[in-house]
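Listed below are the residues making up each chain.
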Amino acid sequence: MHRLLSAVTVRAATPRAQPWGCGRRRAHQRAGLPPLGHGWVGGLGLGLGLALGVKLAGGLRGATPAQPPAAPDPEASPQAEPQEQSLAPWSPQSPAPPPSRCFARAIESSRDLLHRIKDEVGAPGIVVGVSVDGKEVWSEGLGYADVENRVPCTPETVMRIASISKSLTMVALAKLWEAGKLDLDIPVQHYVPEFPEKEYEGEKVSVTTRLLISHLSGIRHYEKDMKKVKEEKAYKALKMMKGTVASDQEKEGKSNEKNDFAKAKTEQDNEAKWRNSKPGKKKNDFEQGELYLKEKFENSIESLRLFKNDPLFFKPGSQFLYSTFGYTLLAAIVERASGYKYLDYMQKIFHDLDMLTTVQEENEPVIYNRARFYVYNKKRRLVNTPYVDNSYKWAGGGFLSTVGDLLKFGNAMLYGYQVGLFKDSNANLLPGYLKPETMVMIWTPVPNTEMSWDKEGKYAMAWGVVEKKQTYGSCRKQRHYVSHTGGAVGASSVLLVLPEELDTEAVNNKVPPRGVIVSIICNMQSVGLNSTALKIALEFDKDRSD
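From a predicted model like this one, the values you see are computed outputs, not experimental measurements.

Moving on, we come to the packing of helix H4 (residues 104-121) against helix H15 (residues 530-545). Two elements in contact, H4 and H15, have axes whose closest approach is 8 Å; the angle formed by their N-to-C orientations is 170°. Relative to H15, the element H4 is oriented roughly antiparallel. Here H4 runs over H15; the crossing is right-handed. Here H4 contributes Ala104, Arg105, Ala106, Ile107, Ser109, Ser110, Leu113, Leu114 and Ile117 to the contact with H15, which in turn contributes Thr532, Lys535, Ile536, Glu539, Phe540, Lys542 and Asp543. Broken down by class, the residue content of the contact of H4 with H15 amounts to 8 nonpolar, 3 polar and 5 charged.

Put into structure tokens, the structure is as follows:
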């Protein structure tokens, strides 16, 4: 300190300070003040040095040793202190909003499950959203929306939703039916005369809107070979019958000796039929050329030429044959019944449902947050999918969306389904977008249908439905839920609705929608997501009940 003060004093008294001092003295004199003596410079320097010394000494006296960083508080909110997340190079993860405490366990277990699924199938990116009782409680992106540019998935990532588009189209059909503009049970030629009348095995048959919705029309899917399709259907039927016979035998237990021989003979005959009817290798959807069409169709009527002259594979109403082309015909019906272009009518519905990021997929427009889509080649290398134009199947699989928009859609459907139960206890409730009786019709299983993504269920009207069931006490209890999955070039998706089990007493002091909704989208094709969505929904339902 003594050296510091001495240096300041000496520097102030040196000749180098004279010009500054002389300047100040002349200014002082010009102001008409008494003249300054030669000692004022030294005094000023000494004063400045003393002031600086006092400041430094005070700072030293107030200083304390640096403290180690405090341990994190387990009760603190994740946003209380921002921290940089260390993420693996291949597994970026969008920062999730702070979860509600009551769902922390469900979020943790569900995130772990999604990481496992993502790693198992090698998906570049996957996005999940969950809502409970109408409120979004969790949304998160894992991996990459764009591998080349290292763009991570976020809840705002836009992806192909594939066949969930069918459930969206059902809303348009239902609104027209409620308005009296569409009859579900008259031949489609009443609305679309461009679609020719059909025959099956020489008999004139009718294709109706209702049959199209539930895939019972007999119109083909991407496979054009009728023989292969029929062989596969027969093979599945025999396989199912074989399983039913085995199950019946287990229930019967011991049988008398007279029946043993007859049963053995029947089993041998069925086994022979089963072997002989086993079809040859059938191409899956992603090996079909029509899935990769690049042609632009101006409207739904124009895209009918792809299949309108093909024969029906089955008699309408007799068998289930999943058909995206059937929904192309439904889009044409929407246009004629509504008087609007299909896409214009759907955009009005999206606006009403507040689905502001849901649009038809087109190559030219700039669509913010759109992901890229991927597939593995024969060498198991990740590659970009080829360019496709989905204008021929807007209604059956041509829309883009986010998990947030899909949750809004699911909640609107669940609200309409449940609001009728709450009317007596709460007369102030707003009506649903679709009437309760309409939603009950849509979510009622249709005979002769199948639900490929859950063998326990049936197809209804653009939704798969699994009904409540319990066979044995203290054993597996099957919950009622509805869902639709999607598979497109480079994309997989699911939207699942798990309604709360309500009774007359349970609706008091509650408002719809009541239940858990899960949406998952992924930029990799052929990823089965329904069972994952159901597990996640049950996890959140458990925390919700607790």
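Picking up where we left off.
Let's shift gears to the side chain of Gln189. Mapped onto the elements of the fold, Gln189 is located in the loop between helix H5 (164-178) and strand S5 (198-200). There is a polar contact of 3.4 Å between the side chain of Gln189 and the backbone oxygen of Phe195. Among all residues touching Gln189, those that are not within four sequence positions of it are Phe195, Pro196 and Glu197.

Our focus in this paragraph is the side chain of Ser163. Along the chain, Ser163 falls in the loop between strand S4 (159-160) and H5. Once residues lying within four places of it in the same chain are set aside, the contact partners of Ser163 are Tyr322, Gly396, Gly397, His484, Thr485, Gly486 and Gly487.

Here we come to the pairing of strand S1 (residues 125-132). Judged by how many residues are buried, S1 sits mostly within the fold: 8 of 8 residues are covered. Because side chains alternate across S1, one face comprises the buried residues Gly125, Val127, Gly129 and Ser131, and the other comprises Ile126, Val128, Val130 and Val132, equally buried. In the sheet, S1 pairs with strand S2 (residues 135-146) via 8 bridges, with the strands oriented antiparallel. Within S2, the residue paired with Gly125 across the bridge is Gly143. The antiparallel hairpin formed by S1 and S2 contains 2 residues in its connecting segment, where Asp133 sits at a positive phi of about 55°. Pairing of S1 with strand S15 (residues 515-522) involves 7 bridges; the strand directions are antiparallel.

What follows deals with the sheet that holds strand S13 (residues 481-488). Read from one edge of the open sheet, 8 strands run S3-S2-S1-S15-S14-S13-S12-S11, paired in antiparallel fashion. Here the strands that pair on one side only, and so sit at the sheet edges, are strand S3 (151-152) and strand S11 (458-459). Contacting S11, S13 and strand S14 (491-499), H5 runs over the sheet at an angle of about 120° to S13. Its contacts with the sheet put H15 on S1, S2, S13, S14 and S15, and the angle it makes with S15 is roughly 145°.

So, about the environment of Asn377. Position of Asn377 relative to the elements: it lies in the loop between strand S8 (374-376) and strand S9 (382-384). Polar contacts involving the side chain of Asn377 include one to the main-chain amide nitrogen of Lys379, which spans 3.0 Å.

Turning next to the environment of Gly180. Within the element layout of this structure, Gly180 appears in the loop between H5 and S5. For Gly180, a relative accessible area of 64% corresponds to the exposed category. In this structure the C-alpha to C-alpha distance between Gly180 and Ala337, which are 157 residues apart in sequence, comes to 9.7 Å.

Okay, the confidence of the model for the protein chain next. Looking at the protein chain, the pLDDT average stands at 82 and 73% of residues meet or exceed 70. A low-confidence stretch, residues 36-46 stays under pLDDT 50, and its non-local contacts, those more than four residues away or across chains, total 13 contacts. Low pLDDT (under 50) marks residues 48-91, which in the prediction has 26 contacts with non-local residues, meaning those over four places away or in another chain.

Hydrogen bonds between backbone groups are what pair the strands of a sheet, and the pairing can be parallel or antiparallel. In space, the 3 strands of this open sheet follow the order S4-S10-S7, with antiparallel pairing throughout. Sheet topology places S4 and strand S7 (359-360) at the edges, where each strand pairs with a single neighbour. Summarising the sheet, S7 and strand S10 (residues 399-401) pair through 2 bridges and their orientation is antiparallel. Paired with Gln360 across the bridge in S10 is Phe399. Along the sheet, helix H11 (residues 342-352) makes contact with S7 and S10, crossing S10 at roughly 20°.

Applying the stated rule across the entire model yields 15 aromatic pairs. With a centroid separation of 5.8 Å and an interplanar angle of 50°, the aromatic rings of Phe320 and Tyr459 are classed as tilted. Of this pair, Phe320 sits in the loop between helix H9 (300-303) and helix H10 (324-338) while Tyr459 is found in strand S11, placing the two residues 139 residues apart along the sequence. Just as Phe320 is buried, Tyr459 falls in that class too. Through pairs of rings, three or more aromatic residues link up here, namely Phe195, Tyr222, Phe307, Phe325 and Tyr392. Taking the ring centre of Tyr327 as reference, the NZ or CZ of Lys166 above it sits at 5.7 Å. Its guanidinium or amino end placed over the ring of Tyr376, Arg380 lies 4.6 Å from that ring's centre, counting from NZ or CZ.

This paragraph deals with the pattern of salt bridges. Summed over the entire model, instances satisfying the criterion amount to 26 salt bridges. Of the charged contacts, one joins Lys296 and Glu362 as a salt bridge, the two residues approaching to 3.0 Å between their closest N and O atoms. Here Lys296 is found in the loop between helix H8 (257-277) and H9, whereas its partner Glu362 is found in the loop between S7 and S8, with 66 residues between them in sequence. Looking at Glu362, the relative accessible area reads 22%, which means it is partly exposed. In this structure, Lys408 engages Asp354 in a salt bridge whose closest nitrogen and oxygen atoms are separated by 3.1 Å. One end of the pair, Lys408, is in helix H13 (residues 403-422); the other, Asp354, is in the loop between H11 and S7, with 54 residues separating them in the sequence.

So, how was this worked out
Residues numbered from 1 in each chain as written. Predicted model: local features only at pLDDT ≥ 70, side-chain atom pairs only at ≥ 80, totals over all residues. Heavy atoms only, no water. Axes fitted to C-alpha atoms, helices over the stretch in contact; angles between N-to-C directions. Helix = DSSP H or I, 4+ residues; strand = E, 2+ residues; numbered from the N terminus. Parallel < 35°, antiparallel > 145°, perpendicular 65-115°, else oblique. Left-handed = near helix turned anticlockwise from the far one by under 90°. Contact = heavy atoms within 4.5 Å. Nonpolar A, V, L, I, M, F, W, Y, C, P; charged D, E, K, R; others polar. Polar contact = N/O pair within 3.5 Å; in protein donor to acceptor, adjacent residues only side chain to side chain. Buried < 20%, exposed > 50% of the residue type's maximum accessible area, 1.4 Å probe, protein only. Pairing = 2+ DSSP bridges. pLDDT = per-residue confidence, 0-100. Phe/Tyr/Trp six-rings, centres within 6.5 Å; stacked < 30°, edge-to-face > 60°. Lys NZ or Arg CZ within 6 Å of the ring centre and 35° of its normal. Salt bridge = Lys/Arg side-chain N within 4 Å of Asp/Glu carboxyl O.

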